[in-house]
Amino acid sequence: MATTPPPAHTPNQDKLKAFESTLPTPAQPIGSYVPVVQVGNVLFTSGALPVKDGKLEHTGAVGSYSVSLEKGREAARLCAINCLGNLRAYLGGLDRIKRIIKLTGFVNSAPVFYEQPAVINGASDLLVELFGEQGRHARSAVGVSALPMNASVELEMIVEVH
Amino acid sequence: MATTPPPAHTPNQDKLKAFESTLPTPAQPIGSYVPVVQVGNVLFTSGALPVKDGKLEHTGAVGSYSVSLEKGREAARLCAINCLGNLRAYLGGLDRIKRIIKLTGFVNSAPVFYEQPAVINGASDLLVELFGEQGRHARSAVGVSALPMNASVELEMIVEVH
Amino acid sequence: MATTPPPAHTPNQDKLKAFESTLPTPAQPIGSYVPVVQVGNVLFTSGALPVKDGKLEHTGAVGSYSVSLEKGREAARLCAINCLGNLRAYLGGLDRIKRIIKLTGFVNSAPVFYEQPAVINGASDLLVELFGEQGRHARSAVGVSALPMNASVELEMIVEVH
């Protein structure tokens, strides 16, 4: 009797599982809003900040004396991790994500700092690393003059689920 | 013969009806855009400003000498009222709203003002007051350097309808 | 035997075809993102910049000495053209667009420049010119302190397809 092959298992899925186990349980937002809202098979996330272990890890304007482009990129990656933590908490598992649809990245920017796309690549690259082709998203990256608690980056996502 | 009970009537619905009767009829936007566009059962609103009786009520950067956090919060609440006025005009009645999906709040921010979330709570709290659990939304709050007509806040919504 | 009339052909469709032939083939974005993502019958575009022939055509803050409102409007129009170029490349033809749902326009703004709506009209007017009533969209226009490569405007769209 022929054995049924195991379901297709991509390297991405292993990477995703390993990554998922590192995700913190997110704190609930303070206020009248929630981290994730679903409509049909589309999820909208709230703007996430570069928080780690309950502490805002990256503050200040990117491109200023104290916040390099590289730190900005780390901040954007951390925002993406927090968005994914919120999505994991909502969905149960990140394998329910079918596609990353859209990213909007707001970069707290020093005057004459114009590398917002390079900053938000910190988030975009992580998503493609984790989800492969399904992680490729539409994106806007803009520079703003102020973010909550002086965070260096704020990031929101729209994703499709199975 | 058994009588059919009246449809469930929540306190929120009373509050919503009372609120609805206070909403102004919105002016049409000047230009090639419209206040609300529907796709499937999802509505996207245009960015609303803190206008009252046809006059921009809150101008200037929140956190500056002349615009306190509390005034910013009032501005955000007024933006939400104007969004809801546009939705009411489009839908006929706010009871057709099933869920507030997403809020994006742009706060005209003075340098070193980092309390954008507290400002946008003026909108978020109103929505939960009116719609209860269905009013809880995903949200981004960001600080910007300039808004149309020097408005203190601009707010847009995505909502789901029945 | 009765002949079947040709399909309805509106002046907009002629204008659209003529416009389409002028659209450049867009360059792929540099990074892990893509110009357009589809979910159901809705397309989200990445933020487009006022690029022409591979060169950023409009830089600097609108309302500053070197960038007039009129130049800002041209920049917004060019952003819209680039969004539409991306949509054309994705869809094959712009006649597959059923409705322009939403525009978000970020205007690199000089201090005390508050005419972001007049700037973004450069994009909105083009869309209505091309798509007629189906081109009327919801819209937010905000002022920001910095955009990628010091672009004067960044614009993103949400559209519905047939």
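Look above for the structure.
Residues numbered from 1 in each chain as written. Chains lettered and ligands numbered in written order. Predicted model: local features only at pLDDT ≥ 70, side-chain atom pairs only at ≥ 80, totals over all residues. Heavy atoms only, no water.

**So, the overall build of chain A**
Argument step 1. Along chain A, the regular secondary structure elements total three helices and seven strands.
Argument step 2. Start at the N end of chain A and walk to the C end: the helices and strands fall as α-β-β-β-β-α-β-α-β-β.
Argument step 3. The globule rule puts the C-alpha radius of gyration for 162 residues at 15 Å, and the 17 Å found for chain A is close to it.
Argument step 4. Taking the principal axes of its C-alpha atoms as reference, chain A extends roughly 70 × 35 × 30 Å.
Argument step 5. When the 162 residues of chain A are sorted by exposure, 59% land in the buried category.
Argument step 6. Put simply, of all contacts in chain A between residues at least 6 apart along the chain, 81% involve residues at least 24 apart. (Helix = DSSP H or I, 4+ residues; strand = E, 2+ residues; numbered from the N terminus. Rg over C-alpha atoms; globule rule 2.2 N^0.38 Å. Buried < 20%, exposed > 50% of the residue type's maximum accessible area, 1.4 Å probe, protein only. Contact = heavy atoms within 4.5 Å.)

**A few points about the sheet that holds strand β1 (residues 36-39) of chain B**
Residue and element names in this part refer to chain B.
Argument step 1. One open sheet accounts for five strands, arranged β1-β2-β7-β5-β6; its pairing is mixed. Each edge of the open sheet carries a strand with a single partner, namely β1 and β6 (138-144). Each neighbouring strand pair of the sheet contributes to a mean axis angle of 15°, computed without reference to strand direction.
Argument step 2. Sheet analysis places strand β2 (residues 42-45) next to strand β7 (residues 153-161), joined by three bridges and oriented antiparallel. Counterpart to V42 in the pairing with β7 is E160.
Argument step 3. Strand contacts of helix α2 (residues 69-91): β1, β2, β5 (97-108) and β7, with the helix running at about 40° to β7, the strand carrying the most contacts.
Argument step 4. Contacts between helix α3 (residues 116-131) and the sheet are confined to β5, β6 and β7, with β5 contributing the most and set at about 160° to the helix. (Pairing = 2+ DSSP bridges. Axes fitted to C-alpha atoms, helices over the stretch in contact; angles between N-to-C directions.)

**Quick word on the relation of the copies chain A and chain C**
Argument step 1. Least-squares fitting of chain A to chain C yields an RMSD of 0.0 Å, with the transformation described by 0.0 Å of translation along the axis and a rotation of 120°. Expressed as an axis order, the relation between the two copies is that of a three-fold axis.
Argument step 2. Taken as a fraction of all interface residues of chain A, those also at the interface in chain C reach only 11%, which identifies the copy contact as different-surface. (Least-squares fit on C-alpha atoms with pLDDT ≥ 70 in both.)

**A closer look at the environment of N82 of chain C**
All names here are of chain C.
Argument step 1. Residue position: N82 is located in helix α2 (residues 69-91).
Argument step 2. Judged by its relative accessible area of 14%, N82 is buried.
Argument step 3. Between the C-alpha atoms of N82 and V142, which are 60 residues apart in sequence, the distance is 20 Å.
Argument step 4. Excluding residues that lie within four positions of it along the chain, N82 makes contacts with P24, A48, L49, P50 and V51.

**Some remarks on the interface of chain A and chain C**
By a widely used convention, the size of an interface equals the accessible area lost when the partners come together.
Argument step 1. At the interface, 28 residues of chain A touch 20 residues of chain C.
Argument step 2. Of the roughly 1900 Å² buried between chain A and chain C, counting both surfaces, carbon and sulfur atoms make up 60%.
Argument step 3. Here chain A is connected to chain C by one salt bridge.
Argument step 4. The closest approach of N and O atoms between K102 of chain A and E156 of chain C, which form a salt bridge, is 2.7 Å.
Argument step 5. Our count for the chain A to chain C interface comes out at 11 residue pairs in polar contact (both at pLDDT 80 or more). (Buried area = accessible area lost by both parts, 1.4 Å probe. Salt bridge = Lys/Arg side-chain N within 4 Å of Asp/Glu carboxyl O. Polar contact = N/O pair within 3.5 Å; in protein donor to acceptor, adjacent residues only side chain to side chain.)

**Comments concerning the packing of helix α2 (residues 69-91) of chain A against helix α3 (residues 116-131) of chain A**
Residues and elements named next belong to chain A.
Argument step 1. Relative to each other, α2 and α3 sit at 45°, their axes nearing to 7 Å. By the angle class used here, α2 and α3 are oblique. The handedness of the crossing between α2 and α3 comes out as right-handed. Touching L69, G72, R73, A76, R77, A80, I81 and L84 of α2 are A118, V119, I120, G122, A123, L126, L127, E129, L130 and F131, all from α3.
Argument step 2. Here the contact of α2 with α3 is composed, by residue class, of 13 nonpolar, two polar and three charged. (Parallel < 35°, antiparallel > 145°, perpendicular 65-115°, else oblique. Left-handed = near helix turned anticlockwise from the far one by under 90°. Nonpolar A, V, L, I, M, F, W, Y, C, P; charged D, E, K, R; others polar.)

**What about the relation of the copies chain B and chain A?**
Argument step 1. Mapping chain B onto chain A calls for a rotation angle of 120° and an axial translation of 0.0 Å; the resulting RMSD is 0.0 Å.
Argument step 2. Both copies present different contact surfaces, since only 11% of the interface residues of chain B are interface residues in chain A too.

**Describing the pairing of strand β1 (residues 36-39) of chain C**
Argument step 1. Alignment of β1 of chain C against strand β2 (residues 42-45) of chain C, held across four bridges, turns out to be antiparallel. In the strand pairing of β2 of chain C, Q38 of chain C is matched with L43 of chain C.

**Considerations on the state of the cysteines**
Residues and elements named next belong to chain A.
Argument step 1. Summed over the entire model, instances satisfying the criterion amount to zero disulfides over all chains.
Argument step 2. The cysteine C79 is free of any disulfide, with C83 supplying the nearest cysteine sulfur at 7.4 Å.
Argument step 3. Accessibility expressed as a relative area gives 1% for C83, which makes it buried. (Disulfide = S-S within 2.5 Å.)

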